[in-house]
Amino acid sequence: MRLFAERGYHATTVADVADAAEVSSMTVFRHFPTKEALVLADDYDPTIAARIAARPAGEPLLRRIGWSLVEGVAELSADEFDLVLARVRLVHATPALRARHWETQFQTAQAIVDGLSDGLDDDEVFRVRVTAEVCLAAAGVAFFRWAEADGRADLTALMEQALSVVVGEAHP
């Protein structure tokens, strides 16, 4: 991320990243199949899905998913905030990454659907997918606004604000 932030996404090669990590380019490609994956890969999806699944099953779906996303952001460490900010800035500034970002958002929505769809019929699974996508889109708007403010804004508050528009209520 440091190289991408310093040099820009297009000016940084996989070979540059490999050199900085003191590994071969082939080693980088074994772990990250594309250059975009170097920026966008993370391990948050299972954590997000587990957090959502752990909330009360009777809770309205918008609240269950939306507020789980807010609470997950509130628990990020300072180092994670720095990494996420660098990633969001790159995605915001790089059209190729913005396109790939939508694919990763789809994967996150799928993790949420997989975590909530046991025993649901097709219509209910569709409802979960729509709700997950809407909440993730609202969260994405908050992340981009946060990046535009160079991380000076309170990301949790922005997430709460964006999701309250969707959920129709303030975070409890």
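None of the values given here were measured: they were computed from a predicted structure.

Q: With reference to specific residues and values, describe the overall build of the protein chain.
A: Regarding its fold elements, the protein chain presents 10 helices and 0 strands. Written out in order from the N terminus, the α and β elements of the protein chain read α-α-α-α-α-α-α-α-α-α. Taking 172 residues into account, the globule formula puts the C-alpha radius of gyration at 16 Å, and the protein chain, at 17 Å, falls close to it. By principal-axis analysis of the C-alpha atoms, the protein chain measures approximately 50 × 35 × 25 Å. Relative to its full complement of 172 residues, the protein chain shows a buried share of 40%. Accessible area for the protein chain stands at about 9400 Å²; split by element, carbon and sulfur atoms hold 56% of it. Positive and negative side-chain charges of the protein chain, numbering 16 and 27 respectively, have mean locations separated by a distance of 4 Å.

Q: Which residues make up the pattern of salt bridges, and what values do they have?
A: Following the criterion strictly, the structure yields 10 salt bridges and no others. The closest approach of N and O atoms between Glu6 and Arg2, which form a salt bridge, is 3.3 Å. Separated by 4 residues within a single helix, Glu6 and Arg2 lie in helix α1 (residues 2-7), roughly one turn from each other. Between Arg89 and Asp150 there is a salt bridge whose closest N-O contact spans 3.7 Å. Here Asp150 lies in the loop between α9 (122-148) and α10 (155-167) and Arg89 lies in helix α7 (residues 78-93), a separation of 61 residues in the sequence. The exposure class assigned to Arg89 is partly exposed, which follows from its relative accessible area of 36%. For Asp150, a relative accessible area of 41% gives the class partly exposed.

Q: Lay out helix α6 (residues 61-74) with the relevant residues and their values.
A: Across its 14 residues, α6 extends 20 Å between first and last C-alpha, which sits within 8% of the 20 Å expected from 1.5 Å per residue. Burial in α6 covers these residues: Leu61, Arg64, Ile65, Gly66, Trp67, Ser68, Leu69, Val70 and Val73. Buried-residue contacts for α6 involve α5 (44-54), α7, α8 (95-116), α9 and α10.

Q: Explain the packing of α7 against α8 to me, and be specific about the residues and the numbers.
A: Where α7 meets α8, the closest approach of the two axes is 5 Å, and the angle between their N-to-C directions is 110°. As far as their axial angle goes, α8 and α7 are roughly perpendicular. Of the residues in α8, those touching α7 at Leu90, Val91, His92 and Ala93 are Pro95, Leu97, Arg98 and His101. Of the residues belonging to the contact of α7 with α8, the class tally is 5 nonpolar, 2 polar and 1 charged.

The rules we used
- Residues numbered from 1 in each chain as written.
- Predicted model: local features only at pLDDT ≥ 70, side-chain atom pairs only at ≥ 80, totals over all residues.
- Heavy atoms only, no water.
- Helix = DSSP H or I, 4+ residues; strand = E, 2+ residues; numbered from the N terminus.
- Rg over C-alpha atoms; globule rule 2.2 N^0.38 Å.
- Buried < 20%, exposed > 50% of the residue type's maximum accessible area, 1.4 Å probe, protein only.
- Areas by Shrake-Rupley, 256 points an atom, 1.4 Å probe, with all protein chains shown as cover.
- Lys, Arg positive; Asp, Glu negative; His and termini not counted.
- Charge placed at Lys NZ, Arg CZ, Asp CG, Glu CD.
- Salt bridge = Lys/Arg side-chain N within 4 Å of Asp/Glu carboxyl O.
- Expected span 1.5 Å × (residues − 1).
- Contact = heavy atoms within 4.5 Å.
- Axes fitted to C-alpha atoms, helices over the stretch in contact; angles between N-to-C directions.
- Parallel < 35°, antiparallel > 145°, perpendicular 65-115°, else oblique.
- Nonpolar A, V, L, I, M, F, W, Y, C, P; charged D, E, K, R; others polar.

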